[in-house]
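Working through the structure, step by step
Below, each chain spelled out in residue letters.
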Amino acid sequence: MTKSADLFQKAKKYIPGGVNSPVRSYGDFDFAPPFIKKGEGVWIYDVEGNKYLDYVLSWGPLIVGHAHPKVLQAVRETAAKGTSFGAPAELEIDLARMIVEMVPGIDKVRMVNSGTESVMSAVRLARGYTGKDKIIKMTGCYHGHSDGLLVEAGSGPAELSIPGSPGVPASYAGETISVPYNDRQAVKEAFTEFNNDIAAVLLEPVPANMGVILPRDGYLQFLRDITKDRDSLLIFDEVITGFRVARGGVQELYDIQPDLTCLGKIIGGGLPVGAFGGNSSVMSEIAPEGAVYQAGTLSGNPLAMAAGKATLNLLRKDEVYEELSSRTDYLTEQMKKIASVKDIPVQIHSLPGLFSLFFTEQKVYSRQEVKQVDRELFRKYFKKMLAEGIYLAPSVFESSFLSLYHEREQLDYTLEKYRKVLREI
Ligand code: HOZ
């Protein structure tokens, strides 16, 4: 038995399924997930001593890689002065200011502790602001595990085929209308059916929890227009895409400004964090300025603020996103070429720093189409890539990530392994 398999067995004794978040359990595979001992730059090391080139990066936060000296230094210096105060501190202003300066749709921002909390709070704010109850979400988008948003969600629920979750009252789930991503007609119909009761349209503007799915031309602008027209809010969940696909996220890249933006992951530099922000008039409805309640003992935690600030500082240079973009393009274009030479049908979708691969000939625009891709082949591919030391997201309903430090040499190393694995599967 490997050390990881042994630890997995022990973990299952004390932790449900042996993990603290389901997709880490490799539920679809006949082997234990590697238990990770340490990370350094783009590499992670498991308890056996195996070394992996990491394309998961803690599911996105580590855009500057593992254990970046500047991030560590900021955390150490901050921790030495205390780990939490439950009182205002200057670091909170520093990170808030950086977010406001860099994300087009945010004038004011409230810090929370996770992406789940961020979207949950943004939805409450949208309801409080508009006085309406219903939310339109897109099938296959994942917005964390709060009750009303576990409806036809992507990520773990999609992988485990859980369309909703026991424990979510039907009356609660009934406030969420799920429509296919990229389907304008379905959005129009939902607005017609629930006229005047749609508080918000909520989506990952580029979903990354059913693999990466790109918006059809004009789709995001259509959502912007219809929400304005019907006095609803547009909420972008940029927990994954914020500070990743561009400094200002998808809203910068596609030039569409939502009313509310949810953030997490990168803005905490690998520590637990979330945030939601928007224009001042909407954000002023949040307590204590307004009546929509939202709070948290550890919100604005100094360690998370320090790690986030150090990370965002590293993203300030102009060329950062150009490089991330050209490296992602290089990797994914080469992957497409290699597959086509071998006559293996693949669709590879990417934005800077983010990519996913589907084994299929068809174009993939929605969760329905993701369900039709060859998952068996994907499992073989994933397993062999892992055995070759390339650590990718383990499901077609997840995405893989690049850091600023995935250099050409490492990309070529990945492509060499990829070529070998495609030959074998
Ligand atoms: N929700 C994350 C994937 N989209 C997984 C988080 C984790 O397991 O760490």
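Quick caveat, the model's predicted, so the values are computed rather than measured.

**Side note on the site of the ligand**
- Taken together, Ser21, Val23, Arg24, Trp59, Tyr142, Ser155, Asn209 and Glu398 make up the full set of residues adjacent to the ligand.
- Trp59 places a polar side-chain atom, nitrogen or oxygen, 3.2 Å from an oxygen atom of the ligand.
- Glu398 has a polar side-chain atom sitting 2.7 Å from a nitrogen atom of the ligand.
- Summarising the interface, the protein chains cover 84% of the accessible area of the ligand, which totals 290 Å² for the free molecule.
- Among the residues forming the shell around the ligand, the class breakdown is three nonpolar, three polar and two charged.

**Observations concerning the packing of aromatic side chains**
- Counting across every chain of the model gives 13 aromatic pairs.
- Centroid distance Tyr26 to Phe382: 5.4 Å. Interplanar angle 85 degrees. Geometry classified as edge-to-face. Remark: Phe382 occurs in helix H14 (residues 375-387) and Tyr26 occurs in the loop between helix H1 (3-14) and strand E1 (36-40); sequence separation between them is 356 residues.
- Residue Tyr26 is classed as buried on the basis of its relative accessible area, which comes to 5%.
- Here Tyr181 and Tyr219 contribute two aromatic rings whose centre-to-centre distance is 5.1 Å and whose plane-to-plane angle is 70 degrees, an arrangement assigned as edge-to-face. Highlighted residues: Tyr181 in the loop between strand E6 (176-180) and helix H7 (184-193) and Tyr219 in helix H8 (residues 219-229), separated in sequence by 38 residues.

**Some words on the side chain of Ser4**
- Within the secondary structure layout, Ser4 lies in helix H1.
- Beyond its immediate sequence surroundings of up to four residues, Ser4 is in contact with Ala32, Pro33, Pro34, Phe35, Val47 and Glu48.

**What about the sheet that holds E6?**
- The mixed open sheet is built from seven strands, whose spatial order is E4-E10-E9-E8-E7-E5-E6. This sheet does not close on itself; its edge strands, each paired only once, are strand E4 (108-112) and E6. Pairs of neighbouring strands in the sheet enclose a mean axial angle of 20 degrees, with direction left out of account.
- Alignment of strand E8 (residues 233-237) against strand E9 (residues 260-264), held across three bridges, turns out to be parallel. Paired with Ile235 across the two strands is Leu260, which belongs to E9.
- Packing of helix H4 (residues 115-130) onto the sheet brings it into contact with E4, strand E5 (134-139), strand E7 (198-203), E8, E9 and strand E10 (274-278), and relative to E9 it is tilted by some 165 degrees.

**Quick word on the layout of surface pockets**
- Its volume calculated, the second largest pocket comes out at about 530 Å³.
- Around the second largest pocket, the lining comprises 26 residues; the ones closest to its centre are Glu92, Arg110, Met111, Ser299 and Gly300.
- Sorting the residues of the lining of the second largest pocket by element identifies helix H3 (90-102) and E4 as the ones contributing at least two each.
- A per-class count over the lining of the second largest pocket returns 13 nonpolar, eight polar and five charged.

**Looking at the environment of Leu404**
- The topology assignment puts Leu404 in the loop between strand E14 (400-401) and helix H15 (408-424).
- For Leu404, a relative accessible area of 12% puts it in the buried group.
- Taking C-alpha positions, Leu404 is 30 Å from Gln221, a pair spaced 183 residues apart along the chain.

**What to know about the packing of H3 against helix H11 (residues 302-314)**
- Between H3 and H11, the least distance of the axes is 9 Å, while the angle of their chain directions is 40 degrees. Considering their axes alone, H3 and H11 lie oblique with respect to each other. Judged by the sense of rotation from one axis to the other, the crossing of H3 with H11 is left-handed. Residue-level inspection shows Leu91, Glu92, Asp94, Leu95, Met98, Ile99 and Met102 of H3 in contact with H11, the latter providing Pro302, Met305, Ala306, Gly308, Lys309, Leu312 and Asn313.
- Partitioning the contact of H3 with H11 into residue classes produces nine nonpolar, two polar and three charged.

**Concerning the packing of helix H2 (residues 69-79) against H11**
- Packing of H2 against H11 brings their axes to within 8 Å, and their N-to-C directions diverge by 150 degrees. Taken together, H2 and H11 sit at an angle that is classed as roughly antiparallel. Here H2 and H11 pass one another in a crossing that is right-handed. Along the contact surface, H2 presents Lys70, Val71, Ala74, Val75, Thr78 and Ala79, while H11 presents Pro302, Leu303, Ala306, Ala307, Ala310, Thr311 and Leu314.
- Along the lines of polarity and charge, the residues of the contact of H2 with H11 split into 10 nonpolar, two polar and one charged.

**Side note on H7**
- Of all the positions in H7, only Ala186, Val187, Ala190 and Phe191 are classed as buried. Along the axis of H7, the buried residues cluster in a sector spanning 140 degrees; they form a single face. Residues of H7 that are exposed and point over 90 degrees away from its buried face: Thr192 and Glu193.
- Looking at the buried positions of H7, the neighbouring elements they touch are E5, E6, E7 and H8.
- Capping of H7 at its N-terminal end is provided by Asp183; its side-chain oxygen lies 3.1 Å from the backbone amide nitrogen of Gln185.

**Quick look at the pattern of salt bridges**
- Counting across every chain of the model gives 18 salt bridges.
- What you see here is one network of salt bridges that share partners, running through Lys384, Glu388, Lys417, Lys420 and Glu424.

**A few points about unusual backbone geometry**
- Look at the link from Ala287 to Pro288: it is a cis peptide, with omega at 10 degrees.
- Topologically, Pro288 is positioned in the loop between helix H10 (280-283) and H11.
- Here the phi dihedral of Trp59 falls at roughly 65 degrees; this positive angle occurs in a residue that is not glycine.
- At Lys265, a residue that is not glycine, the phi angle is positive and equals roughly 45 degrees.
- Turning to its location among the elements, Lys265 is positioned in the loop between E9 and E10.
- Note on Lys265: relative accessible area 24%, which makes it partly exposed.

So, how was this worked out
- Residues numbered from 1 in each chain as written.
- Predicted model: local features only at pLDDT ≥ 70, side-chain atom pairs only at ≥ 80, totals over all residues.
- Heavy atoms only, no water.
- Near = heavy atom within 4 Å.
- Polar contact = N/O pair within 3.5 Å; in protein donor to acceptor, adjacent residues only side chain to side chain.
- Areas by Shrake-Rupley, 256 points an atom, 1.4 Å probe, with all protein chains shown as cover.
- Nonpolar A, V, L, I, M, F, W, Y, C, P; charged D, E, K, R; others polar.
- Phe/Tyr/Trp six-rings, centres within 6.5 Å; stacked < 30°, edge-to-face > 60°.
- Helix = DSSP H or I, 4+ residues; strand = E, 2+ residues; numbered from the N terminus.
- Buried < 20%, exposed > 50% of the residue type's maximum accessible area, 1.4 Å probe, protein only.
- Contact = heavy atoms within 4.5 Å.
- Pairing = 2+ DSSP bridges.
- Axes fitted to C-alpha atoms, helices over the stretch in contact; angles between N-to-C directions.
- 1 Å grid on protein atoms, 1.4 Å probe; cavity = no way out; pocket = protein on both sides within 12 Å on 5 of 7 lines; lining within 4 Å.
- Points joined across faces, edges and corners; volume = space filled by probe spheres on them.
- Parallel < 35°, antiparallel > 145°, perpendicular 65-115°, else oblique.
- Left-handed = near helix turned anticlockwise from the far one by under 90°.
- Arc of directions from axis to C-beta.
- Salt bridge = Lys/Arg side-chain N within 4 Å of Asp/Glu carboxyl O.

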